Amino acid sequence: MSTDIVLKVQGVSKRFGGLQALSEVGVEIRKGQVYGLIGPNGAGKTTFFNVITGLYTPDGGSFELGGMPYRPAAVHLVAKAGIARTFQNIRLFPEMTALENVMVGRHVRTHSGLLGAIFRTPSFKKEEAEIAQRARELLEYVGIGRHAEFRARTLSYGDQRRLEIARALATDPQLIALDEPAAGMNQTEKVVLRELIDRIRKDGRTILLIEHDVKLVMGLCDRVTVLDYGKQIAEGTPAEVQSNEKVIEAYLGAGHAQAPAATH
Ligand SMILES: Nc1ncnc2c1ncn2[C@@H]1O[C@H](COP(=O)(O)OP(=O)(O)OP(=O)(O)O)[C@@H](O)[C@H]1O
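The model shown is predicted, which means the values in this text are computed figures rather than measured ones.

Student: For the overall build of the protein chain, give the residues involved together with the corresponding values.
Tutor: Counting its secondary structure elements, the protein chain contains 10 helices and 10 strands. Counting every position in the protein chain, which comprises 264 residues, the buried fraction comes to 42%. A separation threshold of at least 6 residues defines the contact pool for the protein chain, and within that pool the share at least 24 residues apart is 65%.

Structure follows, in structure tokens:
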């Protein structure tokens, strides 16, 4: 079956004790789209990410990736199935170099296995050289090639976020899920990030994005879902969502200074 829907999620719910963190949420993300997930603090955005990437077990819902049903049961299986993600709180290997961090991401797709690594077989060495080459290309691609040999912890915050994106890209994902990639970035870094996300999309990738910077979301996304208290209160193009009464209320009600409609 051929489809241009990369990720289809229907009716996903998740409860923590007495708190309904997600309530029957669904999205349909098409190939080449940047799809935004927004909503006030505590709306359920990260929970949704954690469910689709196998960190949380949902109470209900169905999942399709590239037209095939998938069960987001464990993080490594989700990575193999083709979803790569970054985290709100950066999760790199701080003592490893930038290059090594990206190489780790690439190992999801390697073949030589443990015995090859232990005995350093010719096929292992060849594969390792290819991985290093590809990792260097990805560091260049995200704009931090000059930092390849630096330990991850020594990079600036913005560069660490870009390194996380390079590592996610290294798995050759069908979908790349970015959890607040602009958090902690200054305006200049945000402009560079926006260009990078745009470029990733132009190169044929599909992106799911959680972001608090509403201006960035509205400028970048093809479609947007708005969550509030775990419920999907709106879905549509940025223009449609911006003028939605429920969305404006949710943002103003939560004490947000910046409702989506007020950002242009
Ligand atoms: N592991 C957990 N155990 C209990 N409650 C949780 C857990 N994870 C999230 N929650 C609760 O679920 C709700 C949704 O949280 P979530 O982090 O998904 O929201 P969010 O939209 O990502 O918020 P933010 O924008 O602040 O990151 C919150 O009330 C949160 O406290």
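We are not done yet, so read on.
Student: Let's hear about the sheet that holds strand β7 (residues 175-179): which residues, and what values?
Tutor: Taken together, the six strands give an open sheet; going across it, the order is β6-β7-β8-β3-β9-β10, and neighbouring strands pair in mixed fashion. Each edge of the open sheet carries a strand with a single partner, namely β6 (83-85) and β10 (231-236). When strand polarity is set aside, the average angle formed by the axes of neighbouring strands in this sheet is 20°. Of the strand pairs in this sheet, β6 and β7 are connected by three bridges, and their pairing is parallel. Paired with Ala84 across the strands is Ile176, a residue of β7.

Student: Please give an account of the packing of helix α5 (residues 122-142) against helix α6 (residues 157-169) that cites residues and values.
Tutor: To describe two helices that pack against each other, one gives the angle between their axes and the distance between the axes. In the contact formed by α5 and α6, the axes pass within 9 Å of each other and the chain directions differ by 135°. Classified by the angle between their axes, α5 and α6 sit oblique to one another. For the crossing formed where α5 meets α6, the hand is right-handed. Along its contact with α5, which presents Leu138, Leu139, Tyr141 and Val142, the element α6 presents Arg162, Ile165, Ala166 and Leu169. Residues belonging to the contact of α5 with α6 are distributed by class as follows: seven nonpolar, no polar and one charged.

Student: Describe the sheet that holds strand β4 (residues 60-65), and please don't skip the residues or the numbers.
Tutor: Spatially, four strands are ordered β2-β1-β4-β5 in an open sheet, and the strand pairing comes out antiparallel. The strands lining the two open edges of the sheet, one partner per strand, are β2 (19-30) and β5 (68-69). Taken together, the two bridges between β4 and β5 define a ladder with antiparallel strand orientation. Within β5, the position partnered with Glu64 by the bridge is Pro69. Running at roughly 65° to β2, helix α1 (residues 45-52) makes contact with β1 (5-16), β2 and β4 of the sheet.

Student: Tell me about the pairing of β4, and name the residues and values.
Tutor: Where β1 meets β4, five bridges bridge the pair, whose relative direction is antiparallel. Counted as the bridge partner of Val9 is Phe63 from β4. Counted between consecutive antiparallel strands, the loop separating β4 from β5 contains two residues, among which Gly66 sits at a positive phi close to 55°.

Student: Now, about the site of the ligand: what can you tell me, with residues and values included?
Tutor: All residues in the neighbourhood of the ligand are listed as Phe16, Leu19, Ala21, Gly39, Asn41, Gly42, Ala43, Gly44, Lys45, Thr46 and Thr47. Taken together, the residues that form the shell around the ligand break down as four nonpolar, six polar and one charged.

Analysis parameters
Residues numbered from 1 in each chain as written. Predicted model: local features only at pLDDT ≥ 70, side-chain atom pairs only at ≥ 80, totals over all residues. Helix = DSSP H or I, 4+ residues; strand = E, 2+ residues; numbered from the N terminus. Buried ≥ 20, exposed ≤ 12 C-beta atoms within 10 Å, placed from the backbone. Contact = placed C-beta atoms within 7 Å. Pairing = 2+ DSSP bridges. Axes fitted to C-alpha atoms, helices over the stretch in contact; angles between N-to-C directions. Parallel < 35°, antiparallel > 145°, perpendicular 65-115°, else oblique. Left-handed = near helix turned anticlockwise from the far one by under 90°. Nonpolar A, V, L, I, M, F, W, Y, C, P; charged D, E, K, R; others polar. Near = placed C-beta within 6 Å.

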